Amino acid sequence: MADAANSGNRGARVVLLGPPGAGKGTQGQVLCQHLGVPAISTGDMLREAVAEGTPLGNKVQGIMASGALVDDATMADVVRERLAKPDAGRGYLLDGYPRTLAQAETLAGILRDAAQELDAVLLVDVPEDELVRRALLRGRGDDKEDVIRERLRVYREKTAPLIGYYRERGLLREIDGNRPIEDVTAGMLGLFGVGSEVNHEVAGA
Ligand code: ADP
């Protein structure tokens, strides 16, 4: 993975893939610091829209609360607009997008239009029982057990097919997320050739 290992200098375009609660947000914060690119979380963007009561927020509020996915066309608008901002010019770490094969095709189209490519898709994997346990501990608004189960079901059905999609394209890198946070971080940074400078302050945040 020399391409991703060298990507720190010229930025990088990385997708974080994995089930809800796998720790993508935590790991993403560390990795984007090292890569010098913004972390773009569609979940955070949507939650912000809900909190601000924007038209987008009003549209997605109920969908998010149920554990279902926001429709692909709405997400395409959200992501297109966000990736066009100047801070995404050198790259980005995408967390929560793409979540369906249609979204992966949308992203491929955005990249193609910009004559860009992804550097890597990082799969953070964790067994389902552990995911439910973590989600219940976390206690976010959409983290009731039936909603958690629904989100995991949606992940298996709609998002897990992306693993094969990106593996076929030679982009998939896998990380065992069922370990202490620091170990996951070290493994992940190792993949990107920046293993010697783990920032434990951030990793533990
Ligand atoms: P996670 O806990 O898995 O990190 P997120 O914070 O990424 O969850 O997303 C929370 C909710 O926001 C999802 O359950 C879904 O309703 C909505 N959402 C976020 N990203 C997308 C997307 N790419 N496509 C459709 N819905 C999305």
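Residues numbered from 1 in each chain as written. Predicted model: local features only at pLDDT ≥ 70, side-chain atom pairs only at ≥ 80, totals over all residues. Heavy atoms only, no water.

Caption draft 1: How the structure looks around helix H8 (residues 128-138). Taken as a whole, H8 has its buried residues at Glu130, Leu131, Val132 and Ala135. Packed against the buried residues of H8 are helix H9 (145-159). A positive backbone phi angle near 65° is found at Gly139, which sits one or two residues after H8. (Buried < 20%, exposed > 50% of the residue type's maximum accessible area, 1.4 Å probe, protein only. Helix = DSSP H or I, 4+ residues; strand = E, 2+ residues; numbered from the N terminus. Contact = heavy atoms within 4.5 Å.)

Caption draft 2: Quick peek at unusual backbone geometry. Residue Pro98 is reached from Tyr97 by a cis peptide bond, and omega for that bond is -5°. Looking at the element boundaries, Pro98 is found in the loop between strand E3 (92-95) and helix H7 (101-113). Phi at Ala115 takes a positive value of approximately 55°, unusual for a residue other than glycine. Following the sequence through the fold, Ala115 ends up in the loop between H7 and strand E4 (120-125). Accessibility expressed as a relative area gives 73% for Ala115, which makes it exposed.

Caption draft 3: Main features of the pairing of E3. What you see with E3 is no split at all: Tyr92 and Leu94 on one side and Leu93 and Asp95 on the other are buried throughout. Direction of pairing for strand E1 (residues 13-17) relative to E3: parallel, over a ladder of four bridges. Residue pairing for E3: Arg13 is matched across the bridge by Tyr92. The pairing of strand E2 (residues 39-41) with E3 spans three bridges and is classified as parallel. (Pairing = 2+ DSSP bridges.)

Caption draft 4: Looking closely at the site of the ligand. Near the ligand, the surroundings consist of 18 residues, among which Thr42, Arg47, Ala68, Gly96 and Arg151 are the closest. For the ligand, a nitrogen atom lies 2.8 Å from a polar atom in the side chain of Thr42. Within the backbone of Gly96, a nitrogen or oxygen atom sits 2.8 Å from a nitrogen atom of the ligand. Look at the ligand: alone it shows 550 Å² of surface, and the protein chains cover 96% of it. The element best represented in the shell around the ligand is helix H4 (residues 42-52), accounting for four residues. Among the residues making up the shell around the ligand, the classes are represented as eight nonpolar, four polar and six charged. (Near = heavy atom within 4 Å. Polar contact = N/O pair within 3.5 Å; in protein donor to acceptor, adjacent residues only side chain to side chain. Areas by Shrake-Rupley, 256 points an atom, 1.4 Å probe, with all protein chains shown as cover. Nonpolar A, V, L, I, M, F, W, Y, C, P; charged D, E, K, R; others polar.)

Caption draft 5: Examining the sheet that holds E3 more closely. Reading across from one edge, E2-E3-E1-E4-E5 is the order of the five strands in this open sheet, with parallel pairing throughout. The two strands at the open ends of the sheet, each matched to only one other strand, are E2 and strand E5 (172-176). Taken pair by pair, the neighbouring strands of this sheet meet at an average axis angle of 20°, ignoring direction. Sheet strands touched by helix H10 (residues 161-168): E1, E4 and E5. Its angle to E5, the strand with the most contacts, is close to 130°. (Axes fitted to C-alpha atoms, helices over the stretch in contact; angles between N-to-C directions.)

Caption draft 6: Looking closely at the nonpolar core. By size, the foremost hydrophobic cluster in this structure holds 28 residues, and its most contacted members are Leu83, Tyr92, Leu94, Leu107, Leu118, Val121 and Tyr166. In this structure, Leu118 is in contact with Arg13, Val15, Leu107, Leu111, Tyr166 and Leu171, ignoring residues within four places of it in sequence. In terms of nonpolar packing, the next biggest core, distinct from the first, is built from 25 residues, Val124, Val126, Leu152 and Phe192 among them. (Core = buried A, V, L, I, M, F, W, Y, C linked by side-chain atoms within 4.5 Å.)

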